[in-house]
Amino acid sequence: MKAKWWQTAVVYQIYPRSFQDSNGDGIGDLQGIITRLDYLENLGISAIWLSPVYQSPNDDNGYDISDYQNIMTEFGTMEDMDELIKQAEKRNIKIIMDLVVNHTSDEHQWFIESRKGKDNPYRDYYIWRDPVNGRKPNDLRSIFSGSAWEFDEESGQYYLHLFSKKQPDLNWENESVRQEVWDMMNFWLEKGVGGFRMDVIDLIGKIPDQEITGNGPKLHEYLQEMNEKTFGNYDVLTVGETWGATPEIAKLYSNPKRKELSMVFQFEHIGLDQQEGKDKWDTKPLSVNELKKVLSKWQTSLGNEGWNSLFWNNHDLPRIVSRWGNDTTYHKESAKMFAILLHLMKGTPYIYQGEEIGMTNCKITDISEVNDIESINMYKERLAQGYSKEEIIDSINKKGRDNARTPMQWDNSENAGFTTGTPWLRVNPNYKEINVTANLADANSIFYCYKQLIQLRKDNPIIVWGDYVLVEEVPEQVFMYLRKFEGETWAVVANFGDQAVAIQLPEFGQSTRILIANYPRSSVEFSQLELKPYEAFAVKL
Ligand code: TEU
Ligand code: CA
């Protein structure tokens, strides 16, 4: 079958605020990104997912948009954006925009109008409700702590915000809202963008009066309308952020016959260290068996009715090498183990800025060091609930989003080469050892492991199309799977732990056709195979 370009692509996510500052104000910007396109071309990626760069008061660092068709002043101008699209295109790199249309900023013109009064033509662009018995309409909670209802004195009504108070939810039942979104999306498509990542798109079908938020009854109707009215006529990548997706739901979004999206981000694997029914802050140890089961389920459930995305990291998640790897003794080995394990699976891989050089979490000791509204709101809420400051700071160090947002570490000069000014968020002190320059100078670096994996995907259809089979007769900490395609079989083996482990699988024989490995290895003898801590490799059987 003819592959879609995004089925063989690897996507790189840039959080612009933290990627590269070009004018010394301590904030990353578009011109800074342009200066780093050669680096990304060298890595071999085919597309950049750009976190929001639109006008925003930055209550949620750009995920609160006040003008979808103008560039955030701190990031540059629309001319810079046009130049980025063009310069990327020259390097065969597409720009995927971040579409945040579940909500806007409260400083968007639509909301400024809407809150003027009940008879304003924009009133119905948002979700306003009367008090019930003098109280908020119902118990819907904001993901950023507290109630999802904010009282507006002016009109005596509440408005809905599933995120911060400055992020009022749009009313998707209103076809004028949908038309505004289509017009805005077509503005960007006509500029030649390569697609959209769709922020919390599973929420746009919400029915607030029934306290339904994700996967509402009209969600897929809206997405089919969106496809037909905007990107359906373009060869673009669309990926929905759908926290609650199961494989069955993922098929609804990504079955090509349904003309909705290319794929979704599901989060089942990345939530495995969260206690059942609790918040992200309430963690438990990861079970490697659970991880094997969940990832294998996703690898084998979609068939040709959908397409997987593959990721460990993004701007909302702690850095995987700190979260589930070993960012000390086995830093390089475990970072490469995650890369090898994920990039040889079926689906489109996403690399989050800094992942390719093994950037780690960055501990804080006091809430004053924290930028992220989600962490700050949780801190206040849990302090009021009686949690100790130590427990809360520990939660933030484990799962806080700032871990992913410390500036990109380019070299060992001051501020890691990110800025000549004062960085908006602290630079991780380990930049002296962990940085791009050091990686490029070391043939055995994490960077070259990612570069090799990206090239393997380009050269070997088995990675894109091969059937996936989990190998179960191995110790719990060993994650081993096969890929099979047109008579060829690859085995991918990963020791997901800091202890050496032996496996005996004589039926797999032996091979010297090592495709990639994170320790020196010239052959594999499966009848007696000793794996070093975090050892990972792929071999042709
Ligand atoms: O995130 C959706 C979302 O729910 C996350 O905030 C997640 O629940 C939380 O961070 C736990 O890690 C998207 C964007 O990726 C995020 O950056 C925005 O803050 C959010 O939507 C609102 O736009
Ligand atoms: Ca700047």
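The coordinates are above.
Quick caveat, the model's predicted, so the values are computed rather than measured.

Visitor: Before we move on, can you summarise the pattern of salt bridges with the specific residues and values?
Guide: Using the criterion set out here, one finds 36 salt bridges in the structure. We note a salt bridge from Glu113 to Lys116, for which the minimum N-O separation is 2.7 Å. Of the charged contacts, one joins Arg129 and Asp209 as a salt bridge, the two residues approaching to 2.7 Å between their closest N and O atoms. Of this pair, Arg129 sits in strand 6 (residues 128-129) while Asp209 sits in the loop between strand 9 (195-198) and helix 6 (219-229), placing them 80 residues apart in sequence.

Visitor: I'd like a description of the site of ligand 1, backed by residues and values.
Guide: Around ligand 1, a shell composed of 18 residues is seen, among which Asp60, Asp199, His315, Asp316 and Arg401 lie nearest. Separating an oxygen atom of ligand 1 from a side-chain N or O atom of His103 is a distance of 3.0 Å. Between ligand 1 and Asp316, the relevant distance is 2.5 Å, taken from an oxygen atom to a side-chain nitrogen or oxygen of the residue. Protein coverage of the free-state accessible area of ligand 1, which is 480 Å², stands at 95%. Considering only residue class, the shell around ligand 1 consists of six nonpolar, three polar and nine charged.

Visitor: Which residues make up the sheet that holds strand 8 (residues 157-160), and what values go with them?
Guide: Spatially, the three strands line up as an open sheet ordered 6-8-7, and their pairing is antiparallel. A strand with exactly one partner marks an edge of an open sheet, and here the two such strands are strand 6 and strand 7 (149-152).

Visitor: Any details on the sheet that holds strand 1 (residues 11-14)? Residues and values, ideally.
Guide: Across the sheet, which stays open at both edges, the eight strands sit in the order 11-10-9-5-2-1-13-12 with parallel pairing between neighbours. Each having just a single partner strand, strand 11 (263-265) and strand 12 (309-310) make up the two edges of the open sheet. Bridge count between strand 1 and strand 2 (residues 47-50): four bridges; the pairing is parallel. The residue bridging Ile14 from the neighbouring strand is Leu50, located in strand 2.

Visitor: Give me the lowdown on the coordination of the calcium ion (ligand 2), citing residues and values where you can.
Guide: Only Asp21 (OD), Asn23 (OD1), Asp25 (OD), Ile27 (O) and Asp29 (OD) from the protein reach the calcium ion (ligand 2) as donors, at distances of 2.2 to 2.4 Å. Between consecutive donors of the calcium ion (ligand 2), the numbers of intervening residues give the motif D-x1-N-x1-D-x1-I-x1-D. As far as burial versus exposure is concerned, Ile27 and Asp29 are alike and both buried.

Visitor: I'd like a description of the packing of helix 7 (residues 247-254) against helix 8 (residues 288-301), backed by residues and values.
Guide: Running from N to C, helix 7 and helix 8 point in directions that differ by 40°, and their axes come no closer than 10 Å. Judged on the interaxial angle alone, helix 8 and helix 7 are oblique. Of the two possible hands of crossing, helix 7 and helix 8 adopt the one that is right-handed. Where helix 7 approaches helix 8, its residues Pro247, Ala250 and Lys251 are matched on the opposing element by Lys297, Trp298 and Ser301. Here the contact of helix 7 with helix 8 is composed, by residue class, of three nonpolar, one polar and two charged.

How each quantity is defined
- Residues numbered from 1 in each chain as written.
- Chains lettered and ligands numbered in written order.
- Predicted model: local features only at pLDDT ≥ 70, side-chain atom pairs only at ≥ 80, totals over all residues.
- Heavy atoms only, no water.
- Salt bridge = Lys/Arg side-chain N within 4 Å of Asp/Glu carboxyl O.
- Helix = DSSP H or I, 4+ residues; strand = E, 2+ residues; numbered from the N terminus.
- Near = heavy atom within 4 Å.
- Polar contact = N/O pair within 3.5 Å; in protein donor to acceptor, adjacent residues only side chain to side chain.
- Areas by Shrake-Rupley, 256 points an atom, 1.4 Å probe, with all protein chains shown as cover.
- Nonpolar A, V, L, I, M, F, W, Y, C, P; charged D, E, K, R; others polar.
- Pairing = 2+ DSSP bridges.
- Donors = N, O, S within 2.8 Å, 3.2 Å for Na, K, Ca; no water.
- Buried < 20%, exposed > 50% of the residue type's maximum accessible area, 1.4 Å probe, protein only.
- Axes fitted to C-alpha atoms, helices over the stretch in contact; angles between N-to-C directions.
- Parallel < 35°, antiparallel > 145°, perpendicular 65-115°, else oblique.
- Left-handed = near helix turned anticlockwise from the far one by under 90°.
- Contact = heavy atoms within 4.5 Å.

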